[in-house]
Structures are given as structure tokens and as C-alpha cells.
Amino acid sequence: MPEHDVLIIGAGLAGQRAALAAAREGVSVGIISKVHPVRSHSVAAAGGINAAISVADDWRSHAYDTVKGSDFLGDQDAIEVMCSEAPGEVMHLEHIGVTFHRNDAGELDLRAFGGASMNRTAYVADITGQAILHVLYEQLMKHSSSVERFEEWFVTSLIIDDDGGCAGVIARDIRTGRMETFAAKNVILASGGAGQCFKPTTNALICTADGITQAYRAGAPLMDMEMIQYHPTTLAENGFLITEGARGEGAHLLNSEGERFMSKMAPNKMELASRDVVSRAEQIEINEGRGVGPDGRGIYLDITVVPRKRTLEALREIVNIGKDFAGVDITREPIVIQPGQHYIMGGVKTDKDGRTPIAGLYAAGEVACVSVHGGNRLGANSLLDTLIFGRRAGEHAAARARSLAMPSVSEAQLRRDAEMIEQIIARPRAGRRISEIKEELGTTMNQHVAVFRDEQGLTAAREVVVRLKEEAATAYVDDRGTVFNQDVLGAIELGYMLDAAETMVVAALERKESRGAQFRTDFPERNDAEWLKHININCGEDGEPKVSYSPVTITQWQPEERKY
Amino acid sequence: MSEFTLRLRRYDPQSGEPPYWESHTIELEPHRSVLEGILQARGRFDGSIGIRCSCRSAICGSCGVRINGQPGLACHTHLDEALERSSDGMISVEPMGNMPVIRDLIVDMDAVHWKKIQAVTPWLLAREPVPEREYLVDREAMVDVTQSMACIQCGACVSDCLAMEVDPDFIGPAALAKSYRFVGDPRDSEHTERLTALSEDPHGLYTCTHCFKCVDACPKGVNPMGQIMRLRRIAGSDHHIEDRNNGYRHEHAFVDNVRRNGLLHEADLLPDSYGGKFNPRAVPELIASMPVALRGLLRGKITLRKALTHPHKASKELRAIFERIESKPERYELNLYVSGTDEDNEPNEPAPAEAIA
Ligand SMILES: Cc1cc2nc3c(=O)[nH]c(=O)nc-3n(C[C@H](O)[C@H](O)[C@H](O)COP(=O)(O)OP(=O)(O)OC[C@H]3O[C@@H](n4cnc5c(N)ncnc54)[C@H](O)[C@@H]3O)c2cc1C
Ligand code: SF4
Ligand code: SF4
Ligand code: FES
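Residues numbered from 1 in each chain as written. Chains lettered and ligands numbered in written order. Predicted model: local features only at pLDDT ≥ 70, side-chain atom pairs only at ≥ 80, totals over all residues. Heavy atoms only, no water.

Participant: Go over the sheet that holds strand S2 (residues 20-28) of chain B, please, and point to the residues and values.
Facilitator: Residue and element names in this part refer to chain B. The strand order across the open sheet built from five strands is S2-S1-S5-S3-S4, with neighbouring strands paired in mixed fashion. Edge positions in the sheet fall to S2 and strand S4 (70-73), since each of these pairs with one other strand and no more. Each strand axis lies, on average, 35 degrees off the axis of its neighbour in the sheet, ignoring direction. Relative to S4, strand S3 (residues 64-67) runs antiparallel, the two sharing four bridges. Its bridge partner being in S4, Ile67 is matched across the sheet by Gln70. Here helix H1 (residues 34-44) sits on the sheet and contacts strand S1 (2-10), S2, S3 and strand S5 (91-94); the angle it forms with S2, its principal contact strand, is near 100 degrees. (Pairing = 2+ DSSP bridges. Helix = DSSP H or I, 4+ residues; strand = E, 2+ residues; numbered from the N terminus. Axes fitted to C-alpha atoms, helices over the stretch in contact; angles between N-to-C directions. Contact = heavy atoms within 4.5 Å.)

Below is the structure:
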């Protein structure tokens, strides 16, 4: 049985950063990922990472922008930590090899991003996530003697011991089908987001809420689950993202009348207002008949106003996406986009060191909710969140490991998970296909838990999700083998997505106001008197979601009206 | 919607059966990707079809396969494009080459690709002292290494590398592109050591045969062969590494030969690479190459007159090109990210509203 002081689930930016930080403290570290680390979804992050590194900038300004962006639901103590540590973190990345774009003086160049009061986004063309992820993986290869990697291993559940603490995980080697119990003094969940609950989404196929639901089932509270970000610029057909970097470089949004309609909702920041604001403005144009594209469900993003040379150098990836996936040369003509599901602000509730209320269980990255993003995440703040809180969780867990003995764990849970898998494989071909259920979940969520919501739609969504949960219990798989059985993993992932989706719907129904990404047409105003608080969701004894509240931490910035 | 027939190479290591082909008919718009086609087949007909995939948008590097014999990403190939390249009206998808197959379209990248990456010290050996803030480096230098940084480690270039087919120990296109990422990085302190190791390695820098396969295969425009040529140039011209594979002298002999003759005079190239016809080191090589030369003579591919005299001389224009290039104080490398003309630097005229509406 493998044993580690610190065991990390997930090898995206949060997981790899946590592993490197823990290893630096000299403890034994393992990192498990269901895909090869460089395939993790962090690789898709395009636009950049925020840090107040310019001499003219101040981390407090970054923190204030983040608080305002969050619609005052973010916890200000955590935001202060993130923003004040950001410059040091970006310099660290630079020192280990990230090829950040420079200005003519050879210093890091900074681009404009939404909701920011000045240019503070460091970037590598529009492959920032890829560049950082690959450089962290270089470091993992360098430190392979101190970080043990389990690549293409799928975690099926967390082990909770009799005292209620986390003592390890059960995982399956995807290449062989072998199940293994991993004992650990500390487990850090860094298993990413839940975008596949929606269709379309900008998220990769592997973003299936695994960690969120594993923690939820193990008794950890989820927080801010109603806060789901719709990104203003995604391709209609397949959900692919056009980075906010495009608007950062100066691109315009136009309706069917050729009007820069953002002037109506954000006369100062225009296209660079917060994402929730821009997505809402677009949806209003579309709903009121000023949309473009074949069915009028789109908006023009006009990048031709950016000098072509600059576009080719700094927005290379979206030039390709436009060409390859939409047949449009974005340097010559506008491209049709629409708001699309992109990010979940909510997740497993943690403190500033990544600790969840379950002893020995940490969470960091998109799976976690610290909460630094509150009701709406600013662009380029997520990479920062993964790195800062990944590092802090790694360091804290390493320190905690020193005073603990290795927990002894039985093989009972392994047998339970192995049986669960055998049962899935043995299901008769009578129920629905996994792919059908997933499709219905995605389109339902995208219809009712989107930019605009109301009680009726949310109630309908809840009914669908509850029915799909029943159907999923008998959905069958075709693959009966053990080598790379992706089919059975798909069935397990579907279960994770359904549980997570249910908590999103329940939280959205609960919050009877409009704040950040949650806009209720039946409660269109923000209501600080009643709703300046986080919604927490626990899994009850009966498996049903139970709602409770926790306060928002306010340090220096009192809630005020949000204008861009 | 159109119908497409996918012919998938299937293999189940547990069945004891050899690999076989299986066809599925799917329905999608022609500009959708081959990956979407495979996922539709998997969702509708057979959940056991094995393929790695995640991002669907050519950034995670999971879905490297061969489509109608061509290596590439399944998510980066349109169905209609794939059909155009097909000879039998079907889109054939099989696993990448040069790597063992685990199952269906999934190959063992650890056994080949990652092992080779690991071999080139794939991390920055940072210059000391580490500054408090960022290293101050040239803007162009960072943009330049970004091209090799753009590699998504998909393995498509490894799949069909000719040199690797012949010499499985060849370090290969992706790992060499990764090396350039450090050799081109002004923050790295061990350029010479890296280049020396690559040059001296009998399966290293000089094993590539310039076949262009990796350039065609690469979905991200990394141009691995181009990076290899730049590594050679930097190893030879800037660091004067005279490797035991004779790569350095060969390269110089090549350039001098063209400068003198205006085109490549093959008969001189080999002896020149070893220091000239009268250099003792060249003699065994010349003898070794005699059979090839003789065969060439017999088949009329070379004539004695051409082999021994130099009928062709470099033109004035060609000499001018050499002078112009060699007198430049700086060298500009062609690069994907450094592109466009100066006019491109002007803002575009905003499109008139009625034109877009
Ligand atoms: C297209 C796109 C562009 C973006 N651009 C930006 C940007 O410019 N700036 C910014 O700040 N943010 C951006 N984001 C958001 C940001 O990329 C993500 O929020 C962030 O990368 C999440 O990182 P992570 O480490 O938490 O998770 P991920 O990178 O998603 O990693 C999750 C890891 O968990 C593993 N895992 C999951 N489940 C299991 C399991 N059951 N067993 C074992 N392992 C498991 C996976 O294998 C993976 O290694 C973007 C997002 C998208 C979709
Ligand atoms: S050009 Fe060189 S590295 Fe590229 S495929 Fe051919 S032999 Fe291999
Ligand atoms: S160089 Fe290109 S083809 Fe080769 S691994 Fe990198 S991205 Fe793939
Ligand atoms: S699925 Fe990511 S590269 Fe094709």
C-alpha cells in the first residue's frame, strides 16, 4: 500500500504547485491524476495571470477590483492573501522558466483584462496556462525523486477514518484496472471544476466534478455552488473559448446594428467590465432581437480593430481557433460569439490554508471555494488562485504531517469500490446510455441554470436532475475489460456530475436575490440585508442536500453599488 | 448534417486477438472534427472505443492518432478534410507509430516520448544570481522560445519520424524542440553543455535526416525540424562544437561547398566534411563511400568529369546573398510568433457597421 505524508489528487496547476511546495518542505509526496499531468485542464487557460507587479500598481487595488468583481461575496481576508502574495508567485514562475512576454525594457509585459483598474495581467502569448503547466511539470520531472507520480490513475473515493479525518484515497490504475488503497496523513484535493455538467461548455471532457462530489459525499460542505460563470465570448457551436485577452487587446462587441452596446451597461469599462455584467448585456441584446448569426443567438466580437501583427503575436491560439473551428480569419472579420458556461466559483469550502472542515483534507484550485471569487471571478484570477492556494495547502499539509503518524487503513473500502465497478460493468443492457443522460443533464443546466434564472426554470431543472440520478443508477456500459476501460470511468463521472449539478440547482433556488453570476429575474435586485452571506450545502444522512449559511468576511471594503 | 464512415483500428490486449478494423457510420456537419465523429460512435454504438481526449480544441495533446496514414490530432482534423485525403471513401483512424499500442487508439507515450523528453534535462538551469524581480531579457528572445513552448507533447511528430524508425534510440523531434526551448532561453546557464551533449550523442542532433515529416505532422506549428536546424547552427557556428559525429564539419563543408560552386557539389562534400581530400581522416571515409560512388558512375548518375572538376561556379548574385547574410551583426530566425509585416502594425480600419450587420 503506497503511503505518503501529503497525497495530492489532481495534477493541474493547483495540484502540481501543491506537490512542489510540499516536497520543498522535505516530506514524502505523491500526486495522482486521471490524465497525464500536462493534459490537465489548466493547459487550456489562455489569457494570463493577475499580479500587481508594476511599480505603479498596488496589491490593494488588485484586491479591491477582486472584491468588487465578486459582487462583495468574496471573503476579503482570503482575497488580501491572494493579491498580496501574487507578485512573489509570478516572479517565482519567471525564475523557474515560464517564458512570460516582455516589454521593450525586457521586463514582464502586462495586458488589460476585464474588471481590472489597470494593466496587471502577465501572459505568454495566449498559451499562458500551457506555458505555466508545462514548466511546473518540468519541475516535477526535475524533482522526481521527491514527488512520486501516479499518472493515469483514477481516484474513486476518499477514505474517512473513525475519527472523521481523511486518511487516504482509493484509486484505480487506468492502464491495468488494478485498484489500490493509498494511505496518507494529508490529502489535497486539486481535481478541478465541473464544466461538463453543462452543454456547451468551455471546459474539457475531464472536468466532471469528481473532487467536488467526493468531498461532498465524504461530509465536507460545498459553498457558493450557485455561482456559475458564463464567459462572454465563446463559440456557439462547441463552446470553445475566445480569451478575454482579445478584449484586453482592444476588441469590440457589436450587436446587429453595429452598436458597441456595452456603452449602455458599462460606459467606463465598456467591453472590459466584469464577466457577469458583459454576459448579461449580451444576453439582453440577444433576447431583445439584436443578436447576430444564423438564429440571432450570437454577438459580434470584432478583433480587426487590433493591429494584425499584434494579434498574430499575442492572440495566436484564437487566430487558429477562429480558422480551424469557425472558418473565420479573426484578423480580417468579426467572429460570432455568445455567453457560455466557463467556470464555477463555488466548490469545497476551505480556509486560507486550503483546509476543509474535515481534518487532513485540503482543497485548492477550481475544486475549492476559499472564497476569493465570490459571485463572479475576474479573468486571470483563477490561475492565480490555483497557484497561491495550491502552494499554501502544500506547505500547510507538509507542516501538519510532521507531527502525525501514518494512519492505518483497512482494505474494506477498496473492496466496496471494486464491487461498485463490477456492478456497473455487470448491468444489463436495459437502461439508458451514459451519453444520453449526460447530454440531457448538460442541455437542461444550460437552459435553466444560466445567465438568467427564475424559480420555475430552476424547479424544472431540479426535477430533471433527480430523475437522471435514478436513470444513471441503471445506465449500462459496453466495455467489460480492465485495460483502459474509459466506459466504466464515464459512468462513475456521470454520478459525480449529477450530485454536483443538484447542489448547484439547490443553491440557485435558495438565493432569492441577484448577485454576481446569479441573476434571478424573479428577484432582480441585490439584497445585502438578507443575502450578504454564503450558501453552504452538505450531504444529509438521507443523501439529500442540506442548506446552511456562513458569513462573508469583510475587512476593508464595505459593500457598495457596483458600476463599471 | 452529412454521413461519414469511420474505419477505426481496434485492439484489445485482453482478447488474445490481433488488431482489426471496425467501421461506424456517424452523422455530423462536415467541418466537425474526426474526434467528434469518434465520440459520437462511442456514445451511440460502442462505449468501448478507446481514445485519449480531453480539451477537444488542440491544446491538451491527448488525441494524437494517424488519420488516413497521416499523423495528427483527431480534434484538429475536419471530417471533410479527412475524407478528401482518403482513397476509399472512408476515414481511417489508427494509433500513432513508433510507440507500442496499449489498446485501440491509445499508445504508450511513457515508453518512448516521455523517456526521450526526460533525457534532455527538460528544466531550466537558471543563471545565477537569481534576480529579485524578473530576469531582464530581450523581448524577441522570449517570443522566439514561445514557439517551442507551444509544443503540446502530442507525439504526432514522433509517430512518423523517419530517423526514429531506423534508429529507435534517436532522441527525436519533440525532445529536440524541447531542447531548443532552453538553448534559446537567455536565462539558461548551460547552453554549451546542452549543445555538446546533443551533438556528441550518436542518436542526437545529427541523426535527423531532414525528412520534413515532423513539420507536416505538428498541429501547433512548432516546426521541430526547424528547431533542430537552429540547434545545429548554434552548436556549430556559435559554440564551435566539433562533435565526434562530424556534424559540425559536415555543416560547414556544406555551406562552403555551395558558396564555391553555386550549387551542391556532392563529390567534394564528403571529403570536405573530414577536412579535405588530403586529410588522413577523410581517407577511410572516402574508401567506405567508394561502392556508392562507383554505383553512381556505373548508372550514369555521376560522370568522372563532373566528379573531379568543378564545372559550375557560384554566380555573383549568390555571392552577394552570402555577403549580405554574413555581414549582418544580428541573426533573425524565422518564427511563427514573430510574423506579419510593418503595415500589419497599423490599426485596421474599423469595419463599417452596415458591412457587418
Ligand atoms: C478555455 C479556458 C481558458 C481559461 N483561461 C484562463 C485564464 O486565462 N486565466 C485564468 O486565471 N484562468 C483561466 N481559466 C480557468 C482556469 O484555467 C482553471 O480554473 C484552472 O486551470 C483550474 O486548475 P486546477 O488545477 O484547479 O484544475 P485542473 O487543471 O482542471 O486539474 C484537475 C486535475 O485533477 C485530475 N483529476 C480530476 N478528477 C480526478 C480523479 N477522479 N482521479 C484522479 N485525478 C483526477 C485531473 O486529471 C487534473 O490533473 C480558463 C479556463 C478555460 C476552460
Ligand atoms: S525531419 Fe528529422 S526529426 Fe523530423 S521527422 Fe524527419 S528525421 Fe525525424
Ligand atoms: S512538436 Fe508538434 S507534433 Fe511534436 S509533440 Fe510537440 S506539438 Fe506534437
Ligand atoms: S482532445 Fe486535446 S488535443 Fe485533441
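Next, the rest of the story.
Participant: Explain the site of ligand 2 to me, using residue names and the numbers behind them.
Facilitator: Residue and element names in this part refer to chain B. Close to ligand 2 lie 13 residues, the nearest being Cys161, Cys208, Thr209, Cys211 and Cys214. Put simply, the parts of the chain that give the shell around ligand 2 at least two residues each are helix H9 (213-217) and helix H10 (224-238). Looking at the shell around ligand 2 residue by residue, the class counts come to 10 nonpolar, two polar and one charged. (Near = heavy atom within 4 Å. Nonpolar A, V, L, I, M, F, W, Y, C, P; charged D, E, K, R; others polar.)

Participant: So, the interface of chain A and chain B: which residues are in play, and what are the values?
Facilitator: Chain A puts 79 residues into the contact, and the matching count from chain B is 83 residues. Note on chain A versus chain B: buried area summed over both sides is about 6600 Å², and carbon and sulfur give 51% of it. For chain A, the biggest contributors to the area lost against chain B are Arg39, His95 and Lys309 of chain A; these three give 11% of the whole. Across the contact surface, chain A and chain B share 10 salt bridges. Between Glu94 of chain A and Arg187 of chain B there is a salt bridge, with the nearest N and O atoms lying 2.9 Å from each other. (Buried area = accessible area lost by both parts, 1.4 Å probe. Salt bridge = Lys/Arg side-chain N within 4 Å of Asp/Glu carboxyl O.)

Participant: Summarise the pattern of salt bridges; cite the residues concerned and give the values.
Facilitator: All names here are of chain A. Under the criterion given, the structure shown has 76 salt bridges over all chains. The salt bridge involving Arg520 is made with Asp522; its shortest N-O contact spans 2.9 Å. On the basis of relative accessibility, which here comes to 30%, the residue Asp522 falls in the partly exposed class. In this structure, Lys546 and Asp542 form a salt bridge, with 3.0 Å as the shortest nitrogen-oxygen distance. The exposure class assigned to Lys546 is partly exposed, which follows from its relative accessible area of 38%. Given a relative accessible area of 51%, Asp542 falls into the exposed group. A single salt-bridge network, built from bridges that share partners, covers Asp71, Glu226, Asp276, Arg280, Arg511, Glu513, Arg515, Arg526, Asp528 and Arg562. (Buried < 20%, exposed > 50% of the residue type's maximum accessible area, 1.4 Å probe, protein only.)

Participant: Explain the environment of Arg52 of chain B residue by residue, including any values.
Facilitator: Along the polypeptide, Arg52 of chain B turns up in the loop between H1 and S3. For Arg52 of chain B and Glu3 of chain B, which are 49 residues apart along the polypeptide, the C-alpha to C-alpha distance reads 24 Å. A polar contact of 2.7 Å, which involves the side chain of Arg52 of chain B, links it to the side chain of Glu152 of chain A. At a separation of 3.0 Å, a polar atom in the side chain of Arg52 of chain B contacts the main-chain carbonyl oxygen of Val107 of chain B. (Polar contact = N/O pair within 3.5 Å; in protein donor to acceptor, adjacent residues only side chain to side chain.)

Participant: Any details on the site of ligand 1? Residues and values, ideally.
Facilitator: Residues and elements named next belong to chain A. Close to ligand 1 lie 38 residues; Ser40, His41, Ser42, Glu366 and Leu383 are nearest. Between Ser40 and ligand 1, the recorded distance is 2.6 Å, taken from a side-chain N or O atom to an oxygen atom. Within the contact set of ligand 1, an oxygen atom lies 2.5 Å away from a side-chain nitrogen or oxygen of Ser42. Considered on its own, ligand 1 offers 1000 Å² of accessible surface; in the complex 98% of this is hidden by protein. Among the secondary structure elements, those contributing two or more residues to the shell around ligand 1 are helix H1 (13-24), strand S2 (29-33), strand S7 (153-160), helix H5 (210-217), strand S14 (335-344) and helix H11 (382-402). Residue classes in the shell around ligand 1 are distributed as 16 nonpolar, 18 polar and four charged. (Areas by Shrake-Rupley, 256 points an atom, 1.4 Å probe, with all protein chains shown as cover.)

Participant: Which residues make up the side chain of Thr331 of chain A, and what values go with them?
Facilitator: Residues and elements named next belong to chain A. Residue placement: Thr331 occurs in the loop between helix H10 (316-326) and S14. Here Arg308 takes part through its side chain, which lies 3.0 Å from a polar atom of the side chain of Thr331. Here Asp329 takes part through its side chain, which lies 2.7 Å from a polar atom of the side chain of Thr331.

Participant: Hey, could you go over helix H8 (residues 275-287) of chain A for me, with residue numbers and the actual values?
Facilitator: All names here are of chain A. In a regular helix each residue adds 1.5 Å, so 13 residues correspond to 18 Å; H8 covers 18 Å between its end C-alpha atoms and thus fits that length. With respect to burial, H8 is a largely interior element, 11 of its 13 residues being buried. Inspection of H8 places Arg275, Asp276, Val277, Val278, Ser279, Arg280, Ala281, Glu282, Gln283, Glu285 and Ile286 among the buried residues, and these make up the whole buried set. Among the structural elements, strand S11 (228-234), helix H6 (245-248), strand S12 (252-254), helix H7 (262-265), strand S13 (299-302) and S14 are those in contact with the buried residues of H8. (Expected span 1.5 Å × (residues − 1).)

Participant: So, the side chain of Lys178 of chain B: which residues are in play, and what are the values?
Facilitator: Mapped onto the secondary structure, Lys178 of chain B falls in helix H7 (residues 173-183). Contacts of Lys178 of chain B, omitting those with residues within four sequence positions, involve Glu138 of chain A together with Ile117, Val120, Pro122 and Gln153 of chain B.

Participant: Describe the domain arrangement of chain B, with residues and values.
Facilitator: Residue and element names in this part refer to chain B. According to the domain assignment, chain B contains domain 1 (2-107), domain 2 (110-238) and domain 3 (247-326). At the junction of the two partners, domain 2 supplies five residues and domain 3 supplies four residues. Across the domain 2/domain 3 interface, buried area totals approximately 340 Å², and carbon plus sulfur atoms make up 54% of it. Summed over the three residues of domain 2 that lose the most area to domain 3, namely Tyr206, Arg232 and Gly236, the buried surface amounts to 83% of that side. Where domain 2 meets domain 3, there are zero residue pairs in polar contact (both at pLDDT 80 or more). Its residues assigned to classes, the side of domain 2 that touches domain 3 shows one nonpolar, two polar and two charged. (Domains from an automatic or database assignment.)

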